[in-house]
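Chain residues, written in single-letter form:
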Amino acid sequence: MLIAPQEFRGSLSADEAAAAIKAGIRAAQPAWQLDVLPLSDGGPGFIDALRRAVTADTSAEVVQDALGRKVLGRFAVVRADRTAVVEAAQANGLYHLSPGELDPLRADSFGVGQLIMAAVATAPSRLVVGLGGSATTDGGAGMARALGARFLDDAGRPLAPGGAALAGLARIDWQRPAALEGLEVIVANDVTNPLLGPDGCAAIYGPQKGASPGQVEVLEGALVRYAAVVKRSLGVDVATIPGGGAAGGLGAGLVAFLGARVESGFTIVAEATNLRARLAQADVVVTGEGSFDAQSSRGKTTGRIRDLAREAGTPVVVFCGRSDVAGSGVFALTSLEPDHDVSMRNAAELLEALAARWAADQPA
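Predicted model, so just to flag it, every value in this text is computed and none were measured.

**Quick word on the side chain of Thr 273**
With respect to the element layout, Thr 273 can be found in the loop between helix H9 (265-272) and helix H10 (275-280). At 3.4 Å, the side chain of Thr 273 and the backbone oxygen of Ala 270 are in polar contact. Not counting residues within four places of it along the chain, the set of residues in contact with Thr 273 comprises Leu 37, Leu 39, Ala 49, Ala 53 and Arg 278.

**Re the side chain of Ser 109**
Tracing the backbone through its elements, the reader meets Ser 109 in the loop between helix H3 (89-92) and helix H4 (110-120). Overall, Ser 109 belongs to the buried group, its relative accessible area being 0%. Setting aside residues up to four positions removed in sequence, Ser 109 forms contacts with Asn 92, Thr 136, Asp 138, Gly 140, Ala 141, Gly 142, Met 143 and Leu 250.

**Considerations on the pairing of strand S3 (residues 56-64)**
Here S3 runs beside strand S4 (residues 70-78); their pairing, made up of nine bridges, is antiparallel. Paired with Val 62 across the two strands is Leu 72, which belongs to S4. The hairpin turn running from S3 into S4, its antiparallel successor, is five residues long, and Gly 68 in that turn takes a positive phi close to 90°.

**A closer look at the pairing of S4**
Bridge count for S4 against strand S5 (residues 83-87) is three bridges, and the pairing is antiparallel. Bridged to Ala 76 within S5 is Val 85.

Reading the values: the criteria
Residues numbered from 1 in each chain as written. Predicted model: local features only at pLDDT ≥ 70, side-chain atom pairs only at ≥ 80, totals over all residues. Heavy atoms only, no water. Helix = DSSP H or I, 4+ residues; strand = E, 2+ residues; numbered from the N terminus. Polar contact = N/O pair within 3.5 Å; in protein donor to acceptor, adjacent residues only side chain to side chain. Contact = heavy atoms within 4.5 Å. Buried < 20%, exposed > 50% of the residue type's maximum accessible area, 1.4 Å probe, protein only. Pairing = 2+ DSSP bridges.

Set out below in structure tokens:
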């Protein structure tokens, strides 16, 4: 059996989820052979997923979280080819904030830029930035500000941090730092949402970051202004780039300011970990995430795992916190604990119990 979940956002890392599933299955079926492979598509756990497959040196840097507080963010440099790997959520991740601290209008990606500069200081051959799990909706403006960009209003005054302030943007002063000249930059991400519109980052992901309907409108309007000024100042149209809406528009910002190329984060991890070969050897594949919904089939890890398993003709099981997707093979923690808050607090124990219950019903 291949056990390959991603994070259960807000409750379990991919490693913790995999450990809980393994413990439950092991308790019910001690003779089964278990291959454990926690995964990431660029969000939280991206560095750890890659470091299981390649030899890399990990460094840490004190950077700002989405609210400007100091946190310790990690990045890695692969020894074989000097690729620097930055996980943006190490700086702007939702997991740094408690539910009562969410501030979608003011949350800022400045710390991501600090992490990028720390990684670039190691003189890498290229830079890979994994996106996902962010608390920000600022189009990557904070990231660019950390790299030296200036975002100014009509009077030439610097804007305040955060996505809402971009409504007053009139001009961007930007010169790419010498350390970034000629450096290949890759965005690792599997979200296809654009920056703007009904499928854009404010509309789709803003509510997950605490935005009310009114605040979603404020952020959308601010990002419309931002995209227009980026196009005028930098000559890059970021409004409809597939994946530009990832991490609150950080994908669009990396394309605009660093000329980044968007690649599949899942594919990067899958190739590094030899996922296809490991899946081919499995009789059953188990994956999982916190919320299994329509977004899961749009490039997220669980959806991609299901697709690969079906191509191989291998049965696949999904464990999740909650699900609004009908179908067999999907088991939610809500079947054991319907109270959402209790389920979140006790996710590891519930996931272990759910996996044990499922395994006990299978033939030995």
